[in-house]
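One-letter residues, chain by chain:
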Amino acid sequence: MTSSAKSLEGGDTEQLDYNQAILNILEDFSDEKTLLETTQQAILNILDDVGLEKAMYADTQKAVINILDDFADEKNQLESTQRAVLNILDDFEIEKRKVESTNRELSRQIEEREQAELTVREKTLANLELEEALEQLQHAQAELVRSEKMAALGGMVAGISHEINTPVGIGVTAASTLDSATNKLDTDYQAGELTEVELKRFIDIARRSTSLILNNLDRAANLIRSFKQVAVDESSGERRRFEVRSYFHDVIVSLQPLLKNTRHTIELSGDEVLFIDSYPGAFAQIITNLVSNSVVHAFDAGQLGHMRIDLSANDDRIVLVYSDDGCGIKAADIGKIFEPFYTTRRGSGGSGLGLHVVFNLVTQALRGKIFVTSQPGQGAEFRIELPADLMAQ
């Protein structure tokens, strides 16, 4: 073989190998294609299966979604029910707290009521004890006032008795002198020794003796009459119609023993004819206590004191103004002078009841008013306003 033939044979061989290779490749490709088609078919089958599964999954998913929706609804209902239950529980808790608060309030009220009842019982017991003590005190005070009145009346009795002793003693002495002169005249007459001179002397003695007897008996009678009326009025406490000024004159006469050892005077002025329907004994006690108060408190020993009683009518009321020119009342004492047992002269003749009795008689027994004004060193004035007719009040 020549070189060209050899070259051709070499080229053919390479072509054959190339073709063979291509055929092999095509066969491999065909095999791959077949495999691919088989795989594609398998994939399609799988996809079909997947589609069925997907459809089933979709249905399942829809069912699950429906179940979830139902569950959500149930959950919402449960949450709503839970909220309702919570609201009920909150309301119950609120009501529980209200009940507990109400119970505490009731317990507190019950405790306070029990404490109040205990306090009331204690106060009731204390009040009963206080009422009993007050009743005893009022009884003791009434007894003291009555004793004060009786003491004043007793002092008046003693003073009047002493005052009566003087005119009665003078009357007895004058009567004894007249009796002796009468016996001597009778003896001389029986013996025939009666002379004109002795007869004139007897007549002179008789005239002077009878004058003394009459004057002193009249004085004693006035004292007795004044004392009798005042004493009866003070002790009986009866209401009657009387003329004020003349009655006050009798009261002042009955007070002369109180003023006998002093230099004091009492002046009575005002309406001459002034009638009142009231309790004369209360008036007598008022004047007596006011005068006694002035004697004890207003004047120093040996001082010349002047007391004045002025009467006047003001419409349907009687105005009595009592005043003295004594030492007056201190500003610190003037608001206390009507209090029971208050006195600035305890142990020196002051009982502390005199003006208290005056206040009670004026405001309670006589249904009037009493006012006092005073300045230290300028005396004191008591203004008493009373109804003229006690029954009209």
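Nothing here was measured: the structure is a model prediction, and the numbers come from that model.

Caption draft 1: Representation of the overall build of the protein chain. Within the protein chain one finds seven helices and seven strands. The buried share among the 393 residues of the protein chain stands at 28%. Of the contacts formed within the protein chain by residues at least 6 apart in sequence, a portion of 73% connects residues at least 24 apart. In the form shown here, the protein chain has an accessible surface area of approximately 25,600 Å², with 56% of it arising from carbon and sulfur atoms.

Caption draft 2: Region of the structure containing unusual backbone geometry. The phi dihedral of D315 is positive, around 60°, even though this residue is not glycine. Even without being a glycine, R367 presents a positive backbone phi close to 55°. Turning to its location among the elements, R367 is positioned in the loop between α7 (354–365) and β6 (369–374). Given a relative accessible area of 45%, R367 falls into the partly exposed group.

Caption draft 3: Structural view of a negative patch on the surface. Where like charges cluster on the molecular surface, the negative patch consists of E27, D28, D31 and E32. In this fold, E32 is placed in helix α1 (residues 3–191).

Caption draft 4: Broad picture of the packing of helix α5 (residues 280–298) against α7. Where α5 meets α7, the axes come as close as 9 Å, and the angle between the chain directions of the two elements is 150°. Regarding the angle of α5 to α7, the classification is roughly antiparallel. Pair α5 / α7 crosses with left-handed handedness. Each of A282, Q285, I286, N289, L290 and N293 in α5 lies in contact with α7, whose residues at this interface are G354, L355, V357, V358, L361 and V362. The class makeup of the residues in the contact of α5 with α7 is eight nonpolar, four polar and no charged.

Caption draft 5: Molecular detail of the sheet that holds strand β5 (residues 317–324). On the basis of which strands lie adjacent, the open sheet formed by five strands has the order β2-β4-β5-β7-β6 and mixed pairing. Both outer strands of the open sheet, β2 (265–270) and β6, are each paired with one neighbouring strand and no more. Across the sheet, the mean angle from the axis of one strand to that of its neighbour is 15°, orientation sign disregarded. Summarising the sheet, β2 and strand β4 (residues 306–314) pair through six bridges and their orientation is parallel. Opposite G270, over in β4, you have L311 as the bridge partner. Across the face of the sheet, α5 comes into contact with β2, β4, β5 and β7 (380–387) while running at roughly 20° to β5. Docked against the sheet, α7 engages β6 and β7, running at close to 140° with respect to β6.

Caption draft 6: Broad picture of the pattern of salt bridges. Counted by the stated rule, this structure contains 12 salt bridges. Put simply, K200 and E196 hold a salt bridge, and the shortest N to O gap is 3.4 Å. Of this pair, K200 and E196 both sit in helix α2 (residues 196–236), four residues apart, roughly one helical turn. Taken as a pair, K200 and E196 share a single burial class, namely exposed. The closest approach of N and O atoms between D277 and R239, which form a salt bridge, is 2.6 Å. Here D277 is found in strand β3 (residues 275–278), whereas its partner R239 is found in the loop between α2 and β1 (240–243), with 38 residues between them in sequence. Shared partners join several salt bridges into a network, and the residues in it are E105, R108 and E112.

The rules behind these values
- Residues numbered from 1 in each chain as written.
- Predicted model: local features only at pLDDT ≥ 70, side-chain atom pairs only at ≥ 80, totals over all residues.
- Heavy atoms only, no water.
- Helix = DSSP H or I, 4+ residues; strand = E, 2+ residues; numbered from the N terminus.
- Buried < 20%, exposed > 50% of the residue type's maximum accessible area, 1.4 Å probe, protein only.
- Contact = heavy atoms within 4.5 Å.
- Areas by Shrake-Rupley, 256 points an atom, 1.4 Å probe, with all protein chains shown as cover.
- Patch = residues over 30% accessible without salt bridge, like charges linked within 9 Å, V, L, I, M, F, W, Y side chains within 5 Å.
- Salt bridge = Lys/Arg side-chain N within 4 Å of Asp/Glu carboxyl O.
- Lys, Arg positive; Asp, Glu negative; His and termini not counted.
- Charge placed at Lys NZ, Arg CZ, Asp CG, Glu CD.
- Axes fitted to C-alpha atoms, helices over the stretch in contact; angles between N-to-C directions.
- Parallel < 35°, antiparallel > 145°, perpendicular 65-115°, else oblique.
- Left-handed = near helix turned anticlockwise from the far one by under 90°.
- Nonpolar A, V, L, I, M, F, W, Y, C, P; charged D, E, K, R; others polar.
- Pairing = 2+ DSSP bridges.

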